[in-house]
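Chain residues, written in single-letter form:
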Amino acid sequence: MNIFYYDIAVGLPLRKCFTYKSKVIIKKGTRVIVPFGKKSIVGIVIKKISNPDSLKGLKEIISIADDYPCFDKSSFETILWAAEYYHHPIGEVFFSFVPTLLRKNNNKTISALKKFSEYQLNERDKKYKLTKEQKATLSKLNKVKQFSPSLIYGVTGSGKTEIYLQLAEKFIQKNKSILILVPEINLIPQVLKRFKDRFSGEIGVYHSRQTPNQRLKVWLRSKFGEIKIVVGTRSSVLMPLKNLAAIIVDEEHDHSYKQADGFKFSGKDLAIKRAQLENIPVFLGSATPSLQTLKLVKDQKYKKFDLLTRVDGKKPPKLIPLDISNSPLLGGIAIQTMSIIEMAINKGEQILIFINRRGFAPLYECENCGWVAKCSSCDSNLVFHKSKNRLICHKCESVYAINSSCPDCHSTEINTFGTGTEKVEQVLKSTFKKVPIIRMDYDSTRLKGSIEEIYEKVNKSKEAILVGTQMLSKGHDFPKVTLCVILNADGGLLSPEINAVEKIAQQLIQVSGRAGRNNNLAKVVIQTRYPYDENLKQIKTGNYQLVADQCLKTNKAKGMPPYSTITILRATSPNPLSCIKFLEKVSSLLYNKKNISIIGPLPSIPLKIKGNLRNHLIIKSDTKSYLNRVLKFLTNEIETWPETKKVKWTYDIDPHDMS
Ligand code: ADP
Ligand code: ZN
Ligand code: ZN
């Protein structure tokens, strides 16, 4: 009898596969049940092994879980690439893209639900006559048939979504399918609505706030060709759509495409890799493209298509820096700003107020002795949330009761300082008693359907004020807004972070994109103590390309990304010395390597989260492929060190911030 040997990946944090034997041939990417320790767990077949190093103790695969492989060829290859590129344990990478219900040894299997959706254009949906720019762009994009990343650089309101819809239409007509990625769950309803209005037939949705059952259904229906359009967040990047024709990555610049914890992958980069392996087009849309993408356009690796005018022909809003150095602030709002808001309200207009902090106030402090409420397990101040009457740690989400007296001096004079969304909301509510004030932040949008409710409330109202965090600046369409106010841009303008200028420019220009979609007179007021800041002067022109070109020049001169490549190696441990010792050992190992520069060990910010101290090394090199090889060498070394056992260590490849 023939015996075959297979390498199997299991969903554990291990950078290796395990070899098992089998009496039958099994396809790559298939789920199997294998004995592991005393348990039987799910594994994924990675490759056939002709001659295992040793046959001793090899166990046999218990059973094949499904009639079909879990991954098709290109998704499978994309995952292998990702495991190598991010140096992340292979099993964890594979299992990140398996629906939760298929990760466990249970009675769920991969089988068709046989509920096919038909797609036709809805007659009642009004299809616009395209603008000249839209027409030209669409006709060029329609000619892209193979892998070739296309950047659709379209100012807000230039009709990018309409282009996506008409691209999708062409693919659907040919019985193919299409995947649309958005950076955040909150952006799904709006894109979903446009697709639902346009097409009869079901539009699949996939994101992490759905139930495991909902996700499994969409995944299975995609796999068996029952649905052809899926809108989702980064976790849907490998949605097993049959006959996939193209991937659209909307708001490609958005940092939320990067997963922050665990397997820190970029959904955008994986989308591009997948498109390359499937040899299909990938369309990246943004009004404020990332420097990385713009550089690749310059290098002629990506093509750029411009939509520089709004579909309504109206000019973009004016960005107006407002000097608040000598103004008292009420809930973060200067007197001058308040009167501008009042004028807009009196004209029956809608206003959007942007502040990058949720909760009521970021400091809860004793006036007598200066004691400040801090999280007991993180190195961070507690934020006062008035709506919940609690103090909350924004790093670990621990909730604390309010102290009625100071734990240090027993004084009862405890006060809040600083401003968050709740405080702005309160101040506005007491100033404009009859106007709906709608808050949009992490806290107010957590419940299912809350985003839809907010849209409805805003659309129904005449005058209204929306107060929100950066969530508000992203891709949302509020047609009646004529005035945007940015309360705290200075933090971003003065930040020492890499690419801080890129980030604040994107934020300010994205916020300004929310205003004046229907109004010529729209404006964006930026409260600042530095009205003459050089960067602000450029951003104020609203010409993102100009700012981006400048940033690219600066980064080139400094050898910073995208003209170099960076990885952060972070170590955490309850014991600070363990982290430092481990990182110093890494540093001395890499110190003499050519074309590698190291900064650190540095304390991470915040230094402590959930009781663990955090330190990191910044590792920089000129090219990705070289750094990748060095990290591979490093990883192999690290795994043999006794010091490694004392810390938890992770790589952040292509980090968005360096703290
Ligand atoms: P973007 O995604 O670039 O911000 P959208 O596609 O959302 O822009 O378009 C902005 C608004 O203009 C939407 O309400 C959309 O329905 C409308 N629109 C799009 N294309 C046209 C067009 N050619 N003529 C008129 N209105 C259009
Ligand atoms: Zn005190
Ligand atoms: Zn905490």
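Scope of this entry: the structure provided in the associated data block. (Residues numbered from 1 in each chain as written. Chains lettered and ligands numbered in written order. Predicted model: local features only at pLDDT ≥ 70, side-chain atom pairs only at ≥ 80, totals over all residues. Heavy atoms only, no water.)

Before going further, it helps to spend a moment on the overall build of the protein chain. Along the backbone of the protein chain there are 17 helices and 30 strands. When each of the 659 residues of the protein chain is scored for burial, the buried share is 55%. A fraction of 75% describes how many contacts in the protein chain between residues 6 or more apart in sequence connect residues 24 or more apart. For the protein chain, the accessible area works out to roughly 30300 Å², and carbon and sulfur atoms hold 51% of it. For the protein chain, the centre of its 103 positive side-chain charges and the centre of its 61 negative side-chain charges are spaced 4 Å apart. (Helix = DSSP H or I, 4+ residues; strand = E, 2+ residues; numbered from the N terminus. Buried < 20%, exposed > 50% of the residue type's maximum accessible area, 1.4 Å probe, protein only. Contact = heavy atoms within 4.5 Å. Areas by Shrake-Rupley, 256 points an atom, 1.4 Å probe, with all protein chains shown as cover. Lys, Arg positive; Asp, Glu negative; His and termini not counted. Charge placed at Lys NZ, Arg CZ, Asp CG, Glu CD.)

Okay, the nonpolar core next. Counting 144 residues, the largest nonpolar core has F94, F97, F195, I247, L569 and F582 as its most contacted members. Residue contributions to this core peak at 7 residues, all from helix α4 (residues 160-173). Apart from residues no more than four positions distant in its own chain, F195 is found in contact with Y164, L165, A168, I180, I203 and I229. Within the second largest apolar cluster, 24 residues are counted, among which are I324, I340, I351 and I353. (Core = buried A, V, L, I, M, F, W, Y, C linked by side-chain atoms within 4.5 Å.)

Now for the coordination of the zinc ion (ligand 3). On the protein side, the zinc ion (ligand 3) has C375 (SG), C378 (SG), C393 (SG) and C396 (SG) as donor atoms, found 2.2 to 2.4 Å from it. Coordination at the zinc ion (ligand 3) is tetrahedral, judged from the 4 donor atoms that bind it and the angles of 105 to 113° they form at the metal. Spacing between the donor residues of the zinc ion (ligand 3) along the chain follows C-x2-C-x14-C-x2-C. With relative accessibility at 15%, the residue C396 sits in the buried group. (Donors = N, O, S within 2.8 Å, 3.2 Å for Na, K, Ca; no water. Tetrahedral: all angles 85-135°; square planar, octahedral: opposite > 155°, others 65-115°.)

One can describe the packing of helix α13 (residues 500-513) onto helix α15 (residues 544-558) by two numbers: an axis separation of 10 Å at closest approach and a directional angle of 175°. Taken as axis vectors, α13 and α15 run roughly antiparallel relative to one another. Contacts between α13 and α15 pair V501, E502, A505, Q506 and I509 from the former with Y544, V547 and C551 from the latter. Classifying every residue of the contact of α13 with α15 by side-chain character gives 6 nonpolar, 1 polar and 1 charged. (Axes fitted to C-alpha atoms, helices over the stretch in contact; angles between N-to-C directions. Parallel < 35°, antiparallel > 145°, perpendicular 65-115°, else oblique. Nonpolar A, V, L, I, M, F, W, Y, C, P; charged D, E, K, R; others polar.)

The protein atoms that coordinate the zinc ion (ligand 2) are C366 (SG), C369 (SG), C406 (SG) and C409 (SG), at distances of 2.3 Å. Geometry at the zinc ion (ligand 2) is tetrahedral, judged from the 4 donor atoms that bind it and their angles of 104 to 113° at the metal.

On strand β22 (residues 414-417), burial follows the alternation: I414 and T416 on one face are buried, whereas N415 and F417 on the facing-out side are not. Bridge count for strand β18 (residues 363-366) against β22 is 4 bridges, and the pairing is antiparallel. Paired with Y364 across the two strands is T416, which belongs to β22. (Pairing = 2+ DSSP bridges.)

This next bit is on the pairing of strand β17 (residues 350-354). Counting buried residues in β17 gives 5 out of 5 residues, a clear majority hidden from the surface. Because side chains alternate across β17, one face comprises the buried residues Q350, L352 and F354, and the other comprises I351 and I353, equally buried. Relative to strand β24 (residues 464-468), β17 runs parallel, the two being bridged by 5 bridges. Its bridge partner lying in β24, F354 is registered against G468. Sheet analysis places β17 next to strand β25 (residues 481-486), joined by 5 bridges and oriented parallel. From the neighbouring strand, L352 faces β25, where its bridge partner is C484.

So, on to the environment of P317. Counting through the fold element by element, P317 comes out in the loop between β13 (303-307) and β14 (318-323). Given the relative accessible area of 10%, P317 is considered buried. For the pair P317 and N389, spaced 72 residues apart in sequence, the C-alpha to C-alpha distance is 38 Å. If sequence neighbours within four positions are ignored, P317 has contacts with R310, S512, A515, A522, K523 and V524.

Attention shifts here to the sheet that holds β24. Spatial ordering of the open sheet is given by β14-β26-β25-β17-β24-β23, a layout of 6 strands whose pairing is parallel. The open sheet has two edge strands with one neighbour each: β14 and β23 (437-440). Within this sheet the neighbouring strands show an average axis-to-axis angle of 20°, counted without direction.

On to empty space enclosed by the protein. Counted according to the given criterion, the structure contains 3 cavities of 30 Å³ or more. Those elements that place two or more of their residues in the lining of the largest cavity are β27 (565-573) and α17 (624-638). Per-element tally for the lining of the largest cavity: the top contributor is α17, with 4 residues. Of the residues assigned to the lining of the largest cavity, the class counts are 5 nonpolar, 4 polar and 2 charged. (1 Å grid on protein atoms, 1.4 Å probe; cavity = no way out; pocket = protein on both sides within 12 Å on 5 of 7 lines; lining within 4 Å. Points joined across faces, edges and corners; volume = space filled by probe spheres on them.)

Moving on: a positive patch on the surface. A grouping of K145, K170, K174 and K176 is seen on the molecular surface, where their side chains present a positively charged patch. For K176, the position within the fold is in the loop between α4 and β8 (177-181). The partly exposed category is assigned to K176, whose relative accessible area is 35%. (Patch = residues over 30% accessible without salt bridge, like charges linked within 9 Å, V, L, I, M, F, W, Y side chains within 5 Å. Salt bridge = Lys/Arg side-chain N within 4 Å of Asp/Glu carboxyl O.)

Okay, the packing of aromatic side chains next. Each aromatic ring pair is specified by the distance between its two centres and by the angle formed by the two planes. Counted under the stated rule, the structure contains 17 aromatic pairs. Seen from their ring centres, F71 and F94 are 5.4 Å apart, and the 70° between their planes marks the pair as edge-to-face. On the criterion of sequence distance, the pair formed by F71 in the loop between β6 (63-64) and α1 (73-85) and F94 in helix α2 (residues 90-96) is long-range, its members being 23 residues apart. F94 shares its class with F71; the two are buried. Between F97 and F265, the ring centres sit 5.4 Å apart and the planes meet at 70°, which makes this aromatic pair edge-to-face. One end of the pair, F97, is in the loop between α2 and α3 (132-142); the other, F265, is in the loop between β11 (244-249) and α7 (267-278), with 168 residues separating them in the sequence. Here the two residues F97 and F265 agree in accessibility, since each one is buried. Ring pairing ties together the aromatic residues W81, Y85, Y86, F97, F263 and F265, which thus form one cluster. (Phe/Tyr/Trp six-rings, centres within 6.5 Å; stacked < 30°, edge-to-face > 60°.)

With that settled, the discussion passes to the pattern of salt bridges. Scanning the entire structure with this criterion turns up 24 salt bridges. Its salt-bridge partner being K258, residue D652 comes within 2.6 Å of it at the nearest N-O pair. In this pair, D652 is assigned in strand β30 (residues 648-653) and K258 in the loop between β11 and α7, connecting sequence segments 394 residues apart. Classification of K258 by relative accessible area gives buried; the value is 11%. As a salt-bridge pair, K304 and D306 come within 3.0 Å of each other at their nearest N and O atoms. The exposure class of D306 is partly exposed, given its relative accessible area of 30%. What you see here is one network of salt bridges that share partners, running through R358, K388, E397 and D443.

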